Amino acid sequence: MSGVRIIDVRMPANAERRDYEVRVGEGLIDLAGAAIAPMLKRPFAAIVTDEIVAAAHGERLEAALGDAGVASEMITLPPGEATKSMAQLTTLMSQLLSLGVERSDIIIAFGGGVIGDLAGFAAALLRRGCRFVQIPTTLLAQVDSSVGGKTAVNAPEGKNLIGAFHQPSLVLADVTLLSTLPERELRAGYAEVVKYGAINDRDFFDWLEGNGGALLDGDGAARIHAVAHAVSAKAAIVARDEREAGERRLLNLGHTFGHALESVYGYSGALLHGEAVAAGMGLAFDYSVRKGICPRDDADALKRHLTRHGLPAGIKDLPATNADTSAARLTALMRQDKKMSGGQLALILARGIGEACVERAADLADVEAFLKSAGGQ
Ligand code: NAD
Ligand code: GLY
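Structure report, in brief. (Residues numbered from 1 in each chain as written. Chains lettered and ligands numbered in written order. Predicted model: local features only at pLDDT ≥ 70, side-chain atom pairs only at ≥ 80, totals over all residues. Heavy atoms only, no water.)

Points about the site of ligand 1
Counted only if it meets this: For this description, a residue counts as near a given molecule or strand if any of its non-hydrogen atoms is within 4 Å of it. Under this definition, polar contacts are N or O atom pairs within 3.5 Å; protein pairs additionally need one hydrogen-donor-capable and one acceptor-capable atom, and for neighbouring residues in sequence, both atoms have to be side-chain atoms. Per-residue and other accessible areas were derived by the Shrake-Rupley procedure at a 1.4 Å probe size, with only the shown protein chains allowed to occlude residues. Strands are runs of DSSP state E lasting at least 2 residues, helices are runs of H or I lasting at least 4, and numbering of each runs from the N terminus. Residue polarity follows a fixed list, in which Ala, Val, Leu, Ile, Met, Phe, Trp, Tyr, Cys and Pro are nonpolar, Asp, Glu, Lys and Arg are charged, and the others, Gly among them, are polar.
Around ligand 1 sit 27 residues in total, of which Asp50, Gly113, Thr137, Thr138 and Thr180 are the nearest. Measuring from a nitrogen atom of ligand 1, one finds a side-chain N or O atom of Asp117 at 2.9 Å. Between a nitrogen atom of ligand 1 and a main-chain N or O atom of Leu181, the distance comes to 3.5 Å. The protein chains hide 92% of the 870 Å² of surface that ligand 1 would expose on its own. Residue assignment for the shell around ligand 1 shows that the elements contributing at least two residues are α2 (51-67), α4 (113-125), α5 (139-145), β8 (158-165) and α6 (183-200). Broken down by class, the residue content of the shell around ligand 1 amounts to eight nonpolar, nine polar and 10 charged.

Below, the structure is given as structure tokens:
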């Protein structure tokens, strides 16, 4: 087992103690019972997972809890983005209540970002809020969604529009769980790794230029380094701006374009969330060049890196389907973004790699013209 890295997430001071640890390492799943048992009021935990994760790793988690004397019940949901819905949330809440989950119990979100976001939202709501532990099983969830307390389901009107901020009590990121992750999912998660370099860490981007291939090929030390580095970066931002009043918005680099793309592809397997974020980051950098704030070389370097690691870097790289990627449609969807305020859209742009910035009132007519020139018809 490689050395376990521990990152403290320091929450803003308020009435509750909400600081928590994110542990990153190998074999942490087998120690999950020992880690969680001391947090419990009674020796019971409800696990929320999806069918694929349950089949691959469910018994191992149940055994680890059992070894520590913790009884568990596993609720298994269908895999995929469609599970992040109000309908599934309602079903899940009923299942948790039928199991008699109490406010002082812990719910374990065991899966990728879909399960983490849904189970975390259920935990925020159940009996007005109970604790939850994240055991993320995708690269995306380990570097991003399991940390920071954003929980949500999608609405027909757009992505993540119904949700809550609810911090987990512990995150166990076991990089060995990634060994069963399909390569395409791994690459999609890698987009969120690159995001941290693109936002504020040119050195990390340079590290990825040299080590991204090894990370994707399964190098455990490279994975631990990248996950721990990304989590530390996110934890620092969340500690300063939990509710996204300012700096946290930078973590949405690529997401405003990306969410619009995900929506036109119908949240289907045709375009994964991380792939949409990759294409969105390429678009954000290209738009920054158009606005005259980013050197073309930086945009090209970022896009080359994404392409080299099998990710789309713009609209022209997206799968050919009958999805309506017209500039007008994408711009209309961007108007639904959560960063709309007072009728104006805050768009995350970049002055270069490692220098993301917020454009407070994006000119949506100009964005639409840009998207037309970028291939959005
Ligand atoms: P996902 O949860 O759908 O997982 C992807 C696929 O991989 C699923 O089919 C799943 O069953 C499978 N899988 C998961 N772990 C596996 C494993 N170890 N082995 C084999 N298969 C495995 O998708 P994701 O990419 O993890 O998450 C995407 C979601 O995360 C989106 O809904 C996005 O909005 C959300 N997200 C949230 C935040 C946040 O801060 N809350 C941040 C980024 C993304
Ligand atoms: N994934 C963006 C955030 O957590 O703020």
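Regarding the pattern of salt bridges
Selection rule: Between Lys or Arg on one side and Asp or Glu on the other, a salt bridge is scored when a side-chain nitrogen of the former is within 4 Å of a carboxyl oxygen of the latter. Residue burial is assigned from relative accessible area. The probe radius is 1.4 Å, only protein chains are included, and a residue is buried under 20% of its type maximum, exposed over 50%, and partly exposed in between.
In this structure the tally under the stated criterion is 26 salt bridges. Between Glu102 and Arg42 there is a salt bridge whose closest N-O contact spans 3.8 Å. Remark: Arg42 occurs in the loop between α1 (32-36) and β3 (44-50) and Glu102 occurs in the loop between α3 (86-98) and β5 (106-111); sequence separation between them is 60 residues. Classification of Glu102 as partly exposed rests on a relative accessible area of 36%. Here Arg42 falls in the partly exposed class, since its relative accessible area comes to 30%. As a salt-bridge pair, Lys195 and Glu192 come within 3.0 Å of each other at their nearest N and O atoms. Taken together, the positions of Lys195 and Glu192, both in helix α6 and three residues apart, correspond to about one turn of that helix. A residue is classified by how much of its surface remains accessible, and Glu192, at 1% relative accessible area, is buried. Ionic contacts of the salt-bridge type, sharing partners, join the residues Glu81, Lys84, Asp117, Lys159 and Glu262 into one network.

A short note on the sheet that holds strand β10 (residues 340-341)
Cut-off, in case you're wondering: Note on pairing: two strands pair once DSSP finds at least 2 bridges between them.
Taken in spatial order, the three strands of this open sheet run β10-β11-β12, and their pairing is antiparallel. Sheet topology places β10 and β12 (356-362) at the edges, where each strand pairs with a single neighbour. Note that β10 and strand β11 (residues 344-350) share two bridges and pair antiparallel. Paired with Ser341 across the bridge in β11 is Gln344.

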